[in-house]
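# Descriptive analysis of the structure
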Amino acid sequence: MAEATDLIPLINGIEYSWGDITATVGGVPVVGITAIEYGDDQVVENHYGAGRFPVSYSKGRVTPSAKITVAMGEVIGWQAKSPTGRLQDLAPFPIVVAYIPEDGQIVTDKIMNCRFKKNARNWKEGDTRQLVDLELVPRISSGTTSNSKFNRGGRDCLPLFIE
């Protein structure tokens, strides 16, 4: 466990911000992105034995999730690359989110093997631009990593996010 003396303070109080983010979908920068949300949820359960308190715990299924909001022009471009014109029929793709501050450490997150779950529009009177909320279905990807703890059955399996 980290001690209070092990924490490294922010220099000049500068934190990562939206302006530091660069996102790519399938290797192509997305300039019309206005929001991105991603993470994973894991089942963690306590086990009870003698007494009232847990005596152990176990971990279960990991469920990744991701959502992006982009300008309609981005969606039209992706649909044009689909063999059927549907976002849901595109091959799985990675999304890379890089935090690139002016004078700080670059942090990169990779959301692997994404697929679009739905494609819908929501227009209202007075709208001057269409922002499209797209829910994604990410999965764990096979690839290479130097971390041997992810080796499963002769191939390397990468976690959802890689730094």
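What comes next is a walk through the structure. (Residues numbered from 1 in each chain as written. Predicted model: local features only at pLDDT ≥ 70, side-chain atom pairs only at ≥ 80, totals over all residues. Heavy atoms only, no water.)

## Let's talk about the pairing of strand 5 (residues 93–99)
- The element strand 5 is extensively covered by neighbouring structure, given that five of its seven residues are classed as buried.
- With six bridges connecting them, strand 5 and strand 6 (residues 107–114) associate as antiparallel partners. Looking at the pairing, Tyr 99 lines up with Val 107 of strand 6. (Buried < 20%, exposed > 50% of the residue type's maximum accessible area, 1.4 Å probe, protein only. Helix = DSSP H or I, 4+ residues; strand = E, 2+ residues; numbered from the N terminus. Pairing = 2+ DSSP bridges.)

## Observations regarding the side chain of Glu 74
- Along the chain, Glu 74 turns up in helix 1 (residues 72–81).
- Polar contacts involving the side chain of Glu 74 include one to the main-chain amide nitrogen of Gly 32, which spans 2.8 Å.
- Sequence-distant contacts of Glu 74, that is, excluding residues within four places in its chain, are made with Val 30, Val 31 and Gly 32. (Polar contact = N/O pair within 3.5 Å; in protein donor to acceptor, adjacent residues only side chain to side chain. Contact = heavy atoms within 4.5 Å.)

## Comments concerning the sheet that holds strand 3 (residues 33–48)
- Strand order in the open sheet formed by three strands is 3-4-7, with antiparallel pairing between adjacent strands. What marks the edges here is a single partner per strand, and that holds for strand 3 and strand 7 (131–136). The mean angle between the axes of side-by-side strands here comes to 20°, regardless of whether they run parallel or antiparallel.
- Taken together, the six bridges between strand 4 (residues 54–71) and strand 7 define a ladder with antiparallel strand orientation. In the strand pairing of strand 7, Val 70 is matched with Val 132. (Axes fitted to C-alpha atoms, helices over the stretch in contact; angles between N-to-C directions.)

## Re helix 1
- All buried positions along helix 1 are accounted for by Glu 74, Val 75, Trp 78 and Gln 79. One side of helix 1 holds all its buried residues, which, seen down the axis, span an arc of 135°. The exposed residues of helix 1 that point more than 90 degrees off its buried face are Gly 73 and Ala 80.
- Where helix 1 is buried, its residues touch strand 1 (21–25), strand 4 and strand 7. (Arc of directions from axis to C-beta.)

## Structural notes on the packing of aromatic side chains
- Within the structure shown, the criterion is met by three aromatic pairs.
- A ring pair is formed by Phe 93 and Phe 116, whose centres lie 5.1 Å apart and whose planes are at 40°; its orientation type is tilted. Taken together, the residues Phe 93 in strand 5 and Phe 116 in the loop between strand 6 and strand 7 connect sequence positions 23 residues apart. Each of the two residues, Phe 93 as well as Phe 116, counts as buried.
- Grouping aromatic residues by their ring pairs yields a cluster made of Trp 78, Phe 93 and Phe 116. (Phe/Tyr/Trp six-rings, centres within 6.5 Å; stacked < 30°, edge-to-face > 60°.)

By themselves, these are just geometric observations and shouldn't be taken as functional.
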